[in-house]
2 protein chains.
Amino acid sequence: MKKFATLLVTLAVAAVTQSAFAQAKPEEAIKYRQAAFTVMAKHFHSLGAMAGGKAPFDAKAAAADADVLAVVAPLPFTAFGPGTDKGAKTEAKPGIWQDSAKFKQADDDMQAAMTKLVTAARSGSLDQIKATFGPTGKACKSCHDSFKEK
Amino acid sequence: MKKFATLLVTLAVAAVTQSAFAQAKPEEAIKYRQAAFTVMAKHFHSLGAMAGGKAPFDAKAAAADADVLAVVAPLPFTAFGPGTDKGAKTEAKPGIWQDSAKFKQADDDMQAAMTKLVTAARSGSLDQIKATFGPTGKACKSCHDSFKEK
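Overview of the structure.

**Quick look at the overall build of chain A**
Consideration 1: A count of helices and strands for chain A gives 6 helices and 0 strands.
Consideration 2: Listing each helix as α and each strand as β along chain A from the N terminus yields α-α-α-α-α-α.
Consideration 3: Within chain A, the proportion of its 150 residues that are buried is 44%.
Consideration 4: Within chain A, contacts between residues separated by at least 24 positions form 76% of all contacts whose residues are at least 6 apart in sequence.
Consideration 5: Roughly 7,700 Å² of accessible area belongs to chain A as shown, and the carbon and sulfur atoms make up 58% of that amount.

Written as structure tokens, this is what we have:
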């Protein structure tokens, strides 16, 4: 039920921001998606520090990270609309628009992995966080390798 | 109940990020809070466009904006710890650290106003959004006037 609720929020968020960015200037979309990635990375790395033993495990903190990630992880992907390949400094590669089906698949793969990490982090089980953090990081990296300038 | 759940998430998020930023470099905290403000502003302005009649009212989109704001609005304020007054380009005024009680009050006032806006936007009532958007914007502006470089 919680998973379903999260999915509903995710879909609703995707719906609003996609329509909202249809009217935005490219530089606004670029700034927004970079900002959402920054917030996402922070909370992802917080969980990573716990999973890797670099920070003490704190179940409450992990659940709070999960609550941020559940809402923020889908946001950057609503701001890669047509025409947002330039207009401000961006590390987005042209492949995002040239092979949009592959980019969408990479986004879907990451969201699926992230949903498992979010569920794990809300469960309070460090073992489950450890089990789901790696696959999520792999999904991030796979998309970066294809679609992000180094 | 929903309001209470939101409050719990808010408090939990504040707890994690405060401890998480104790170890971070000042430039990381500055980048993070600016990013969180960028995401927050986008969804706040989406509601503002509907409240002001510049965008058609879409109850689902408004509720999705609310879901983002409920989670993201508290985040910037977890990243103004000691020593984060410099280290990267920032518009944060020294008063944030010199009169931290006043800054905390300004944050509390904004969160209280934002909670009402979030509740309104989740309710599906444009009239309630209109009634709560202005006070929230006023709370943002009041804090900017005191604590943000122009």
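**Considerations on the packing of aromatic side chains**
Residue and element names in this part refer to chain A.
Consideration 1: The tally for this structure, following the rule as stated, stands at 16 aromatic pairs over all chains.
Consideration 2: With a centroid separation of 5.7 Å and 85 degrees between ring planes, the pair formed by Phe37 and Phe77 is classed as edge-to-face. A residue pair is termed long-range when its members are at least 10 positions apart, and Phe37 in helix α2 (residues 26-51) and Phe77 in the loop between α3 (59-72) and α4 (95-98) qualify at 40 residues.
Consideration 3: By relative accessible area, which is 27% here, Phe37 ends up partly exposed.
Consideration 4: The structure contains a cluster of three or more aromatic residues connected by ring pairs, namely Phe37, Phe77, Phe80, Trp97, Phe103 and Phe147.

**Some words on helix α6 (residues 126-147) of chain B**
All names here are of chain B.
Consideration 1: Helix length check: α6 (22 residues) gives 31 Å between terminal C-alpha atoms against 32 Å at 1.5 Å per residue, within 8%.
Consideration 2: Of all the bends in α6, the greatest, near 25 degrees, is centred on Thr132, and the proline Pro135 appears no more than four residues after it.
Consideration 3: Buried within α6 are the following residues: Ile129, Thr132, Phe133, Thr136, Ala139, Cys140, Cys143 and Phe147.
Consideration 4: Check the buried side of α6 and you find it contacts α2 (26-51), α3 (59-72), α4 (95-98) and α5 (100-123).

**Some words on the side chain of B:Arg33**
Consideration 1: By the element assignment, B:Arg33 lies in helix α2.
Consideration 2: Ignoring sequence-local partners within four residues, the contact set of B:Arg33 consists of B:Pro76, B:Ala79, B:Phe80, B:Thr84, B:Thr90, B:Ala92 and B:Trp97.

**As for the pattern of salt bridges**
Consideration 1: Evaluation of the coordinates by the stated rule reveals 8 salt bridges over all chains.
Consideration 2: Between A:Asp108 and A:Lys104 there is a salt bridge whose closest N-O contact spans 2.8 Å. With A:Asp108 and A:Lys104 both in helix α5 (residues 100-123) and 4 residues apart, the pair spans about one turn of that helix.
Consideration 3: Between B:Asp145 and B:Lys141 there is a salt bridge, with its nearest N and O atoms 2.8 Å apart. Here B:Asp145 pairs with B:Lys141, and both are found in helix α6, just 4 residues apart, close to one helical turn.
Consideration 4: Judged by relative accessible area, B:Asp145 falls into the partly exposed class, the value being 33%.

Analysis parameters
Residues numbered from 1 in each chain as written. Chains lettered and ligands numbered in written order. Predicted model: local features only at pLDDT ≥ 70, side-chain atom pairs only at ≥ 80, totals over all residues. Heavy atoms only, no water. Helix = DSSP H or I, 4+ residues; strand = E, 2+ residues; numbered from the N terminus. Buried < 20%, exposed > 50% of the residue type's maximum accessible area, 1.4 Å probe, protein only. Contact = heavy atoms within 4.5 Å. Areas by Shrake-Rupley, 256 points an atom, 1.4 Å probe, with all protein chains shown as cover. Phe/Tyr/Trp six-rings, centres within 6.5 Å; stacked < 30°, edge-to-face > 60°. Expected span 1.5 Å × (residues − 1). Bend = angle between axes of the 7 residues up to and from the residue. Salt bridge = Lys/Arg side-chain N within 4 Å of Asp/Glu carboxyl O.

By themselves, these are just geometric observations and shouldn't be taken as functional.
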